[in-house]
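Architecture at a glance
So you can see what is in the structure, the chains are spelled out below.
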Amino acid sequence: MDSKSKIQLFFLTLFLFTLTIANAEALGTYIVQLHPHGTTSSAFTSKLKWHLSFLQQTLSSDEDPSSRLLYSYRSAMDGFAAQLTESELEYLKNLPDVISIRPDTMLQLQTTYSYKFLGLNPARENGWYQSGFGRGTIIGVLDTGVWPESPSFNDQGMPPVPKKWKGICQAGKAFNSSNCNRKLIGARYFTKGHSSVSPFRIPEYLSPRDSSGHGTHTSSTAGGVPVPLASVFGYASGVARGMAPGAHIAVYKVCWFNGCYNSDIMAAMDVAIRDGVDILSLSLGGFSTPLYDDNIAIGSFRAMEHGISVICAAGNNGPTAMSVANEAPWIATIGASTLDRKFPATVRMGNGQMLYGESMYPLNHPMSNGKELELVYLSEGDTESQFCLRGSLPRDKVKGKMVVCDRGVNGRAEKGQVVKEAGGVAMILANTEINLGEDSVDVHVLPATLIGFDEAVTLKDYINSTRRPLARIEFGGTVIGKGRAPAVARFSARGPSYTNPSILKPDVIAPGVNIIAAWPQNLGPTGLPEDSRRVNFSVMSGTSMACPHVSGIAALIRSAHPSWSPAAIKSAIMTTAEVTDHTGRPILDENQAAGVFDMGAGHVNPQRALNPGLVYDIRPDDYIIHLCSLGYTKSEIFSITHRNVSCNAVLKKNRGFSLNYPSFSVIFKDGERRKMFSRRLTNVGSANSIYSVEVMAPEGVKVIVKPKRLAFKQVNQSLTYRVWFISRKRVKRGDGLVTYAEGNLTWLHSKNGSNRVRSPVAVTWKSK
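First, a word on scope: everything that follows refers to the structure included in this document. Everything numeric here is computed off the predicted structure, so don't read it as measured data.

Okay, the nonpolar core next. If you look at the biggest cluster of nonpolar residues, it comprises 110 residues, and the most contacted ones within it are Tyr 252, Ile 265, Leu 280, Leu 282, Trp 330 and Ile 573. Apart from the residues lying within four places of it in its own chain, the contact partners of Tyr 252 are Gly 140, Val 141, Leu 142, Asp 143, Trp 165, Arg 188, Phe 190, Ala 268, Val 271, Ala 272, Asp 275 and Val 277. Formed by 35 residues, the second largest nonpolar core is a distinct cluster that contains Ile 428, Ala 430, Ile 451 and Ala 471.

According to the stated counting rule, one finds 34 salt bridges in the structure shown. Lys 47 is the partner of Asp 78 in a salt bridge, and the nearest nitrogen-oxygen pair spans 2.9 Å. Residue Asp 78 is located in the loop between strand S2 (69-73) and strand S3 (79-84), and its partner Lys 47 is located in helix H2 (residues 47-58); the two are separated by 31 residues in the primary sequence. Its salt-bridge partner being Glu 63, residue Arg 68 comes within 2.9 Å of it at the nearest N-O pair. Arg 68 sits in the buried class, given a relative accessible area of 8%.

Below, the discussion takes up unusual backbone geometry. A cis geometry characterises the amide bond from Ala 485 onward to Pro 486, with omega recorded as 0°. In this fold, Pro 486 is placed in the loop between strand S26 (479-480) and strand S27 (508-511). Of note, the bond from Gly 495 into Pro 496 is cis; its omega dihedral lies within 30 degrees of zero at 0°. Of note, Pro 496 is situated in the loop between S26 and S27. Positive phi is not limited to glycine here, since Asn 326 has a value of about 55°. Considering the arrangement of structural elements, one finds Asn 326 in the loop between strand S15 (309-313) and strand S16 (332-337). Overall, the relative accessible area of 4% leaves Asn 326 in the buried class. With phi around 60°, His 642 is a residue other than glycine that occupies positive phi space.

As a further point, take the sheet that holds S3. Ordered by their spatial adjacency, four strands build an open sheet running S2-S3-S1-S4, and the pairing between neighbours is antiparallel. Here the strands that pair on one side only, and so sit at the sheet edges, are S2 and strand S4 (98-103). When strand polarity is set aside, the average angle formed by the axes of neighbouring strands in this sheet is 20°. Pairing of S2 with S3 involves four bridges; the strand directions are antiparallel. By the bridge assignment for S3, Tyr 71 is matched with Ala 81. Contacting strand S1 (28-34), S2 and S3, helix H8 (residues 262-275) crosses the sheet at an angle of about 35° to S2.

So, on to the layout of surface pockets. Within this model, the second largest pocket holds a volume of roughly 700 Å³. Together, 26 residues line the second largest pocket, and Lys 342, Gly 437, Glu 438, Asp 439 and Glu 590 are the ones closest to its centre. Those elements that provide at least two residues to the lining of the second largest pocket are strand S20 (357-358), strand S24 (448-451) and helix H13 (453-465). With three residues, H13 is the largest single contributor of residues to the lining of the second largest pocket. For the lining of the second largest pocket, the residue count by class is 10 nonpolar, seven polar and nine charged. Inspection of the lining of the second largest pocket shows a minimum of three residues originating in each of domain 2 (113-340 + 486-609) and domain 3 (344-475).

In this section: the environment of Val 693. Within the secondary structure, Val 693 sits in strand S35 (residues 689-696). Note: C-alpha distance between Val 693 and Val 615 (78 residues apart in sequence) is 15 Å. Those residues in contact with Val 693, other than ones at most four positions away along the chain, are Val 705, Lys 708, Leu 745, Thr 746 and Trp 747.

The subject of this paragraph is the packing of aromatic side chains. All chains considered together, the criterion is met by 18 aromatic pairs. Between Phe 54 and Phe 80 the ring centres are 6.3 Å apart and the planes differ by 35°, which places this aromatic pair in the tilted class. Within this pair, whereas Phe 54 is found in helix H2, its partner Phe 80 is found in strand S3, the two being separated by 26 residues in sequence. By the burial criterion, Phe 54 is buried, and Phe 80 matches it. A ring pair is formed by Trp 330 and Tyr 623, whose centres lie 5.4 Å apart and whose planes are at 80°; its orientation type is edge-to-face. Placement of the pair is Trp 330 in the loop between S15 and S16 and Tyr 623 in helix H18 (residues 620-629), with a sequence separation of 293 residues. Here the two residues Trp 330 and Tyr 623 agree in accessibility, since each one is buried. Counting every residue linked through ring pairs, the aromatic cluster contains Trp 50, Phe 54 and Phe 80. Sitting over the face of the ring of Trp 147, Arg 209 holds its NZ or CZ atom 4.4 Å from the ring centroid. Positioned above the aromatic ring of Trp 724 is the side chain of Lys 706, whose terminal nitrogen or guanidinium carbon lies 5.8 Å from the ring centre.

What follows covers helix H9 (residues 295-305). Within H9, 10 of the 11 residues are buried, leaving the element largely enclosed by the surrounding structure. With a side-chain oxygen lying 3.0 Å from the backbone nitrogen of Ile 296, the N-terminal cap of H9 falls on Asp 294. Immediately beyond the C-terminal end of H9, within one or two residues, lies Gly 307, with a positive phi of roughly 85°.

Taking strand neighbours across the sheet as the criterion, the four strands line up as S11-S12-S5-S14 in an open arrangement whose pairing is antiparallel. Each end of this open sheet is capped by a strand with a single partner; those strands are strand S11 (255-256) and strand S14 (284-285). Here S11 runs beside strand S12 (residues 259-261); their pairing, made up of two bridges, is antiparallel. Bridge pairing in S12 links Trp 256 to Gly 259. The strands touched by H8 within the sheet are strand S5 (106-109), S12 and S14, with S12 carrying the most contacts at an inclination of about 65°.

Each value, and the rule that gives it
Residues numbered from 1 in each chain as written. Predicted model: local features only at pLDDT ≥ 70, side-chain atom pairs only at ≥ 80, totals over all residues. Heavy atoms only, no water. Core = buried A, V, L, I, M, F, W, Y, C linked by side-chain atoms within 4.5 Å. Buried < 20%, exposed > 50% of the residue type's maximum accessible area, 1.4 Å probe, protein only. Contact = heavy atoms within 4.5 Å. Salt bridge = Lys/Arg side-chain N within 4 Å of Asp/Glu carboxyl O. Helix = DSSP H or I, 4+ residues; strand = E, 2+ residues; numbered from the N terminus. Pairing = 2+ DSSP bridges. Axes fitted to C-alpha atoms, helices over the stretch in contact; angles between N-to-C directions. 1 Å grid on protein atoms, 1.4 Å probe; cavity = no way out; pocket = protein on both sides within 12 Å on 5 of 7 lines; lining within 4 Å. Points joined across faces, edges and corners; volume = space filled by probe spheres on them. Nonpolar A, V, L, I, M, F, W, Y, C, P; charged D, E, K, R; others polar. Domains from an automatic or database assignment. Phe/Tyr/Trp six-rings, centres within 6.5 Å; stacked < 30°, edge-to-face > 60°. Lys NZ or Arg CZ within 6 Å of the ring centre and 35° of its normal. Polar contact = N/O pair within 3.5 Å; in protein donor to acceptor, adjacent residues only side chain to side chain.

Laid out in structure tokens, this is it:
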């Protein structure tokens, strides 16, 4: 080997050695869960010192352990988040009192009219008055922060801050303690998990101040005060109100431009429990995860034990089956529905044909209802142009024209900006087969409308049929009461639950499409950096918008019934939900009746939820028996509950146990023909109430309920019933088929027809 080759080999070896060392020493962020009554904890005067001791043992002697510690947890769970190398991780796993170590992962973020649509209005004898508009209740919102100057957070007429409140108003960039008031009573921000994995490259407020709009929108949806003359450039004008306008709001900023990291979320839940919130609203999530690996499930179990209701978004991965996230039975999991409010922006094609579309492009803009323009759809071989991705539209082909952009890949409003920058003067956003008729509107930066899939096919046929296709967009303002609603939003995540099909998820659906709510003054209504327009309110769609509706409703129930448990509040919301739309016909999912895996118990009805008559209550210990019945191991259950249990003893003592959930998920596996469930109802209505059962049996199933009548002599009395589901179907072993059926079981008040306590029933036949 010549000297040149030897030198090359030497440097190659050195490079590989350096690379190996670098990889070995790369730091990752991990959440370390410890035994809450660990044998080593008594030697330390505080939890923080105990947590640091684990790093002291793990790191080399000359390194300060606090330099690696991100968070010390003591309420949502016992443990800490820290940065570790692979070798340190392996060492730490073997230390006493370490239960589990999970890598830090990232989750994603998932109005002037919705309160009226849900039957809430300021008239007397209304649910708002019965609940005092949610006064005295504290809603904790984990999101992207808040724009405190928004009129939705004005504290005029608000009661004093509750004495139990222990939270703070944390100062930071463009935010100080004076930004909090009697409405926005607390604000904190959490960056350590995010910045350890993904440094801040985009300018962002390192404070509770909202940089993206999402958190301001969700917070005001849950508890914003009345704001008269609210609108988005003239659309959806009216009084903007949150669901619980009298409730207090505490904001925990855990989400940044790159997403929301579990270590930050856990830190916020940890602090929120101690701060004294009554409701936790999390419009974020990921995919289905086993409960013992799900940080939100673990933190929310602790919150539930403290009497805090945890409300989470179901996710936006619909209409795919088994896409629902946040599946823990102690969480209220919320899907999204539509309103009967429309923003028509119709396409009139050159052949005279009309295509229905929707948009919130400013009505008062001189280009609204503009002249007829030439249409262009760049679909030949280049999918980037088809989707109007940045840099994909040739100026010579789109200048002065109306451009058709397929939906998908990049943001809806961003496509309009791309068209504008390329010289296009209008846009038609075309749904693909994935989106079908879904109509999430935007405040576009140029004249634009969104059309459904069928309309898109017609439009493209017209473009291909003529040498010079023409069209114009005709904007129709705001229309209320047209069309059937509510319906299930197409993007709303669906059941059955992947990790725990024995619990029917989502629990309910709530308004989540085209929701108008508060918006930061540093952003245009599209959220695009190029959008220089400024508004106090903007429109968003997602289960992120549905979640705070139910958070606010939970606050109303909590104010009216302060002694109720989180399970009782959730039961009230579920058993009073509607399964028919405002025309009295079944709620739709696209063109067919929605099923239990699409909408859970149905669509929220806050007025009825305040007076459910009966509730299915659940004690924390019941969830532990449920986890045993799922076959979770002792260590997995301990990770979630911090309870040492012997499942053999627990199940022996609770033979035939079924969780007292307000819905039924019946699973017949190979050869099984009969399932029995026991349920316990508590009377929260009036004394001397008698209820009779009414059953709509799922197809192929016989249902027997004993007793058929429940006579409650006093308030808060609990009575038990049993229900047997007997399969009339024979499932062949080995055919691998999974089939479903659904029905319902309802308890009717004998004298008071308004109390209908309804539970959906899902039946699944599985053959291996």
